[in-house]
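Structural overview
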Amino acid sequence: MTETPDPAPIPHTGPQGAQVAFLLAQLGEHATQAFTRRVAELDLTPAQAGLLRAVSLAPGQHQQELARRLGMSPSRFVAFVDAIEARGLVERRRNPKDRRFQDLYLAPKGEEAMRGLAEAALAHEEAICAGLDPQERIALGALLRRVAEAQHLTAGVHPGYRRLDPGRGGA
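How each quantity is defined
- Residues numbered from 1 in each chain as written.
- Predicted model: local features only at pLDDT ≥ 70, side-chain atom pairs only at ≥ 80, totals over all residues.
- Heavy atoms only, no water.
- Helix = DSSP H or I, 4+ residues; strand = E, 2+ residues; numbered from the N terminus.
- Expected span 1.5 Å × (residues − 1).
- Polar contact = N/O pair within 3.5 Å; in protein donor to acceptor, adjacent residues only side chain to side chain.
- Buried < 20%, exposed > 50% of the residue type's maximum accessible area, 1.4 Å probe, protein only.
- Salt bridge = Lys/Arg side-chain N within 4 Å of Asp/Glu carboxyl O.
- Core = buried A, V, L, I, M, F, W, Y, C linked by side-chain atoms within 4.5 Å.
- Pairing = 2+ DSSP bridges.

What follows covers helix α6 (residues 134-150). Since the α-helix turns once every 3.6 residues, residues separated by three or four places project in the same direction. In a regular helix each residue adds 1.5 Å, so 17 residues correspond to 24 Å; α6 covers 25 Å between its end C-alpha atoms and thus fits that length. The N-terminus of α6 is capped by D133, whose side-chain oxygen sits 3.0 Å from the backbone nitrogen of Q135. Directly beyond the C-terminal end of α6, a positive phi value near 60° is found at H152.

Structure representation (structure tokens):
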């Protein structure tokens, strides 16, 4: 009689097991909720905060370029920008080289909002990383960038923009 081999061990699924994907999802949801609360105090949604950040990092990008970078359809992106333009946070300007394009810039009110967002982002980073020393933060950041690259994620762009619905509070 031959013995059947033991099946492959089941990875430990308890609190001390690796569970990297689960931990990333758990922390991601926690971080998202915490950030949503922080930016709500500034009367912004996370998507609006992200768009203001993108415009502040590269003023003068045309709408189509930014929509493509964020993975949004141009029609959804226009409605998204319309909502924050109506609040005086961004302004559209005709591209001087090609008048078919609208370039995006922060309006003065948007620059003020960015100052508040910078403070909120710093406080958020500190709260989320409170259990790590500076070297551990650097190491974790490097590892997470590698994971994100391996998943073909666009650096600095939240994948939620692809399913953003401006008519449902995303804008």
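The next thing to look at is the environment of R145. Mapped onto the elements, R145 comes out in helix α6. The class of R145 is exposed, set by a relative accessible area of 53%. Expressed as a C-alpha distance, the spacing of R145 and A155, which sit ten residues apart in the sequence, is 8.2 Å.

The subject of this paragraph is the pattern of salt bridges. Per the stated rule, a full pass over the model turns up six salt bridges. Between D82 and R92 there is a salt bridge; the shortest N-O distance is 2.8 Å. You can see D82 sitting in helix α4 (residues 74-86) and its partner R92 sitting in strand β2 (residues 90-94), a full ten residues away along the chain. Classification of D82 as partly exposed rests on a relative accessible area of 37%. Of the residues examined, R92 reaches a relative accessible area of 19% and is grouped as buried. Between E91 and R93 there is a salt bridge, with the nearest N and O atoms lying 2.7 Å from each other.

L51, L52, L66, L70, F77 and Y161 are the most contacted members of the largest nonpolar core, which totals 25 residues. Taken together, the elements giving at least two residues each to this core come down to α2 (46-57), α3 (63-70), α4, β3 (102-106) and α5 (108-128). It is α2 that contributes the most residues to this core, six residues altogether.

A word on the pairing of β3. As defined by bridge partners, strand β1 (residues 61-62) adjoins β3 across two bridges and the pair is classed as antiparallel. The residue of β3 that forms the bridge with H62 is D103. Across five bridges, β2 lies against β3 in antiparallel orientation. Looking across to β3, one finds that R93 is bridged to D103.

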